[in-house]
Amino acid sequence: MVRNTLECLEEAGYEAWCVGGCVRDSLLGREPEDWDVTTSALPEETMAVFGGDAFPTGVQHGTVTVRRGGRSVEVTTYRVDGTYHDHRRPDSVTFTRSLEEDLARRDFTVNAMAMSLAGELKDPFGGRADLKAGVLRAVGEPDRRFCEDALRILRGLRFSAVLGFSLEKGTGESIRRNRFLLEDIAAERIQTEFFKLLCGKYAVKVLREYPEVIGVFWPELLPMVGFDQRNYHHCYDIWEHTLHAVEQVPCDLILRCAALLHDVGKPKCFTLDTQGSGHFYGHPKISALLAGEMLCRLKCANGIRETIVRLVEWHDKVIPRTEKSIRRALMSLGEEDLRRLLAVKRADNLAQAPEFHTTQAEIDKFEAMMEQLLAEDACFSRKNLAVNGKDLTDIGYRGKRVGTILQTLLEQVVDGELPNNREILLRRAREIGGKI
Ligand code: ATP
Ligand code: MG
């Protein structure tokens, strides 16, 4: 599809190149997320080349989307950005016929390369060498580039977290120095970059090196840095403990966020007992509260936020290894979130002093018991209950009562007090009504 796009533009007499992330990823042997094409053709010329397959998705920036056979490629005219006044967007963009000028507006050298159909590489800023060396270097003068568009600050950290590249010294220092410019960036854009950062294979290295940058939009993290826990369970300060926990969960947004935020309330809850030991009573609740606020601030989707908050709130709860309490936990959290909770608990434990890692074996046993209960196809949710709301309405219940009675029946089934049998549950439902 991208080949065909380049061919069409070249046949019509224009220059056309693959550019940016897709060139970087191809050279790294990674599958590109998306393919971008840059061309000397003006937007209306691109529209003319592709006719009905072309859509003017961002014509003011020179972008035309070409859709063919269910796939799409963004084709953007060579462009130079005008002046920047708000650390966000150029006041104007100007089209140019020079590829070099277009490459010069791009953020990092590894993102400022173009490749032609014939395989020719245009690399005026040494992106290839930086790619080989695993280095992220701003194109041009870093302070000026981060000042133009502060999102580049976070993009730099994101690429470092995903690719494992280190930031060239001047670029890294400039990122630190200019971090407060991120305050001007819309929450949604921060969210996109930060979540990719957090799911990067090398996220922990970046979090460890640049907490003050993340602290611009999530200042709640900063008190954790260097906070001595004064507790024999812990061999790390709160931030190091947190980073070890993040390292122990898979690269999944919900798990990574839950691990990052599970102890965020600890600094607010610290008390010292008479023996000089530190305690953090009530920290899961405070952490959950803060996590909710932090995720709201980044405009995180409600469903994801609620799941993360629930995991944070539950992370320290003791769930006894009995059938009844595991059934109850399955009822409260559902299978997927209970599995997530176990992943967070494992990570939290592995991030504590090594002599307490025996908890891992406990979690193994818990998990085995849970698998057994799940394999029995037992009932843990209203979905699997042998009666539903309609059944209760049919026997005369109305409004809120329907929900309350369903919940009571579910709890009794989950606790093993009643079998999940329609006749028996209906009889019980009538009895409950009779009592009131
Ligand atoms: P991804 O793998 O996430 O797609 P990417 O590098 O392709 O990474 P995109 O957001 O798709 O990132 O942008 C495509 C290209 O546009 C980048 O490689 C870079 O050359 C340029 N670019 C994107 N955002 C900026 C920015 N804020 N400042 C300068 N150049 C940018
Ligand atoms: Mg891309």
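Residues numbered from 1 in each chain as written. Chains lettered and ligands numbered in written order. Predicted model: local features only at pLDDT ≥ 70, side-chain atom pairs only at ≥ 80, totals over all residues. Heavy atoms only, no water.

Enquirer: Would you take a moment to explain the overall build of the protein for this structure?
Expert: In terms of helices and strands, the protein carries 22 helices and 13 strands. Whereas a compact globule of 436 residues would reach a radius of gyration of roughly 22 Å, the protein reaches 28 Å, over 25% beyond that. Principal-axis analysis of the C-alpha atoms gives the protein an extent of 85 × 60 × 35 Å. Across the 436 residues that make up the protein, the buried fraction comes to 50%. Within the protein, contacts between residues at least 6 apart in sequence are counted, and of these 64% link residues at least 24 apart. For the protein, the computed accessible surface area is about 20,300 Å², with 51% contributed by carbon and sulfur atoms. Charge centroids of the protein, computed over 60 positive and 66 negative side chains, lie 5 Å from each other. (Helix = DSSP H or I, 4+ residues; strand = E, 2+ residues; numbered from the N terminus. Rg over C-alpha atoms; globule rule 2.2 N^0.38 Å. Buried < 20%, exposed > 50% of the residue type's maximum accessible area, 1.4 Å probe, protein only. Contact = heavy atoms within 4.5 Å. Areas by Shrake-Rupley, 256 points an atom, 1.4 Å probe, with all protein chains shown as cover. Lys, Arg positive; Asp, Glu negative; His and termini not counted. Charge placed at Lys NZ, Arg CZ, Asp CG, Glu CD.)

Enquirer: Is there a simple way to think about the packing of aromatic side chains in this case?
Expert: What characterises a pair of aromatic rings is the spacing of the ring centres plus the angle enclosed by the ring planes. For the structure on display, the rule yields 10 aromatic pairs. Each ring, one from Phe217 and one from Trp218, has its centre 6.2 Å from the other, and the planes form 55°; the classification is tilted. In this pair, the class of Phe217 matches that of Trp218, namely buried. Both rings, one in Phe227 and one in Phe270, keep their centres 5.2 Å apart while their planes meet at 80°; by these two values the pair is edge-to-face. In this pair, Phe227 is assigned in the loop between helix H11 (211-214) and helix H12 (238-248) and Phe270 in the loop between helix H14 (266-269) and strand E12 (271-272), connecting sequence segments 43 residues apart. Among the aromatic residues, ring-to-ring pairing joins Phe194, Phe195, Phe217 and Trp218 into one connected group. For the cation-ring pair, Arg67 lies above Phe55, with the distance from its terminal atom to the ring centre recorded as 4.7 Å. The positively charged end of Lys266 is found above the aromatic ring belonging to Phe280, 4.6 Å away from the centroid. (Phe/Tyr/Trp six-rings, centres within 6.5 Å; stacked < 30°, edge-to-face > 60°. Lys NZ or Arg CZ within 6 Å of the ring centre and 35° of its normal.)

Enquirer: Quick question: what am I supposed to make of the site of ligand 1 here?
Expert: The environment of ligand 1 is made up of 17 residues, and the closest members are Arg24, Asn111, Asp149, Arg152 and Arg158. Separating an oxygen atom of ligand 1 from a backbone N or O atom of Gly21 is a distance of 3.0 Å. Within the side chain of Arg24, a nitrogen or oxygen atom sits 2.8 Å from an oxygen atom of ligand 1. Here ligand 1 loses 81% of its free accessible area of 590 Å² to cover by the protein chains. Taking a 2 Å distance to the grid points as the criterion, the majority of the atoms of ligand 1 fall inside the largest pocket. The element that contributes the greatest number of residues to the shell around ligand 1 is helix H7 (residues 151-163), accounting for four residues. (Near = heavy atom within 4 Å. Polar contact = N/O pair within 3.5 Å; in protein donor to acceptor, adjacent residues only side chain to side chain. 1 Å grid on protein atoms, 1.4 Å probe; cavity = no way out; pocket = protein on both sides within 12 Å on 5 of 7 lines; lining within 4 Å. Sits in = over half its atoms within 2 Å of the grid points.)

Enquirer: In this structure, what is going on with the side chain of His87? I would like to understand it.
Expert: Inspection of the secondary structure puts His87 in the loop between strand E6 (79-81) and strand E7 (93-95). At 2.9 Å, the side chain of His87 and the backbone oxygen of Cys147 are in polar contact. Residues within four places of His87 in sequence aside, it is in contact with Cys147, Glu148, Asp149, Ala150, Leu181, Asp184 and Ile185.

Enquirer: Which parts of the structure should I look at to understand unusual backbone geometry?
Expert: Most of the time, phi is negative for any residue but glycine, and the peptide bond is trans. If you check the backbone angles, His87 has positive phi at about 60° while not being a glycine. The backbone phi angle of Arg230 is positive, close to 50°, even though this residue is not glycine. Of note, Arg230 is situated in the loop between H11 and H12.

Enquirer: How do you make sense of the sheet that holds strand E9 (residues 121-122) when you look at a structure like this?
Expert: Ordered by their spatial adjacency, seven strands build an open sheet running E3-E4-E5-E2-E1-E8-E9, and the pairing between neighbours is mixed. Each end of this open sheet is capped by a strand with a single partner; those strands are strand E3 (54-58) and E9. Looking at chain direction, strand E1 (residues 16-19) and strand E2 (residues 36-39) are connected through three bridges and run antiparallel. Note that in E2 the partner of Trp17 across the bridge is Thr38. (Pairing = 2+ DSSP bridges.)

Enquirer: What am I meant to see in a negative patch on the surface here?
Expert: Together, Glu7, Glu10, Glu11, Glu15, Glu100 and Glu101 give the surface a local cluster of negative charge. With three residues, the top contributor of residues to the negative patch is helix H1 (residues 2-11). Here Glu100 is to be found in helix H4 (residues 99-104). (Patch = residues over 30% accessible without salt bridge, like charges linked within 9 Å, V, L, I, M, F, W, Y side chains within 5 Å. Salt bridge = Lys/Arg side-chain N within 4 Å of Asp/Glu carboxyl O.)

Enquirer: So what exactly am I meant to see when it comes to the pattern of salt bridges here?
Expert: Where side chains of opposite charge bring their charged atoms close, a pairing between them can arise. Overall, the coordinates contain 38 salt bridges when judged by the stated rule. Residue Arg24 is joined to Asp25 by a salt bridge in which the shortest nitrogen-to-oxygen separation is 3.0 Å. Like Arg24, the residue Asp25 is buried in the burial classification. If you follow the salt bridges from partner to partner, you end up with Asp107, Arg155, Arg158 and Glu193 in one network.

Enquirer: I tried to follow the side chain of Gln191 on my own but got confused; where do I start?
Expert: By the secondary structure assignment, Gln191 is in helix H9 (residues 187-198). Separated by 2.9 Å, the side chain of Gln191 and the backbone oxygen of Lys299 make a polar contact. Once residues lying within four places of it in the same chain are set aside, the contact partners of Gln191 are Leu298, Lys299 and Cys300.

Enquirer: Explain empty space enclosed by the protein here, please?
Expert: It is the rolling of a water-molecule-sized probe over the atoms that shows where space remains empty. Evaluated as defined, the whole model comprises one cavity of 30 Å³ or more. Looking at the lining of the largest cavity, the elements that each hand over two or more residues are strand E11 (166-167) and helix H10 (203-209). Ranked by the residues each element gives to the lining of the largest cavity, the list is headed by H10, at three residues. (Points joined across faces, edges and corners; volume = space filled by probe spheres on them.)

Enquirer: Whenever I open this one, the nonpolar core confuses me. Can you help?
Expert: As a rule of thumb, nonpolar side chains are buried together in soluble globular proteins. Membership of the largest hydrophobic core comes to 102 residues, with the highest contact counts inside it found for Phe194, Leu197, Trp218, Leu221, Leu260 and Leu261. Looking at this core element by element, the count peaks at eight residues for helix H13 (residues 253-261). Once residues within four sequence positions are removed from consideration, Leu221 is found in contact with Ile214, Trp239, Leu260, Leu261, Val264 and Met294. Core analysis: the second largest hydrophobic core is formed by 18 residues, Leu392, Leu409, Leu418 and Ile432 among them. (Core = buried A, V, L, I, M, F, W, Y, C linked by side-chain atoms within 4.5 Å.)

Enquirer: For this particular structure, what's the right way to read the layout of surface pockets?
Expert: Within this model, the largest pocket holds a volume of roughly 1,400 Å³. Lining the largest pocket we find 43 residues, and of these Asp36, Arg105, Arg106, Asp107 and Arg155 sit closest to its centre. Breaking the lining of the largest pocket down by element, the ones donating at least two residues are helix H2 (21-28), E2, strand E5 (71-77), E6, H7 and H9. Examining the composition of the lining of the largest pocket, we find that seven residues originate from one element, H7, more than from any other. In terms of residue class, the lining of the largest pocket is built from 11 nonpolar, nine polar and 23 charged. Roughly 760 Å³ of internal volume is contained in the second largest pocket. (Nonpolar A, V, L, I, M, F, W, Y, C, P; charged D, E, K, R; others polar.)

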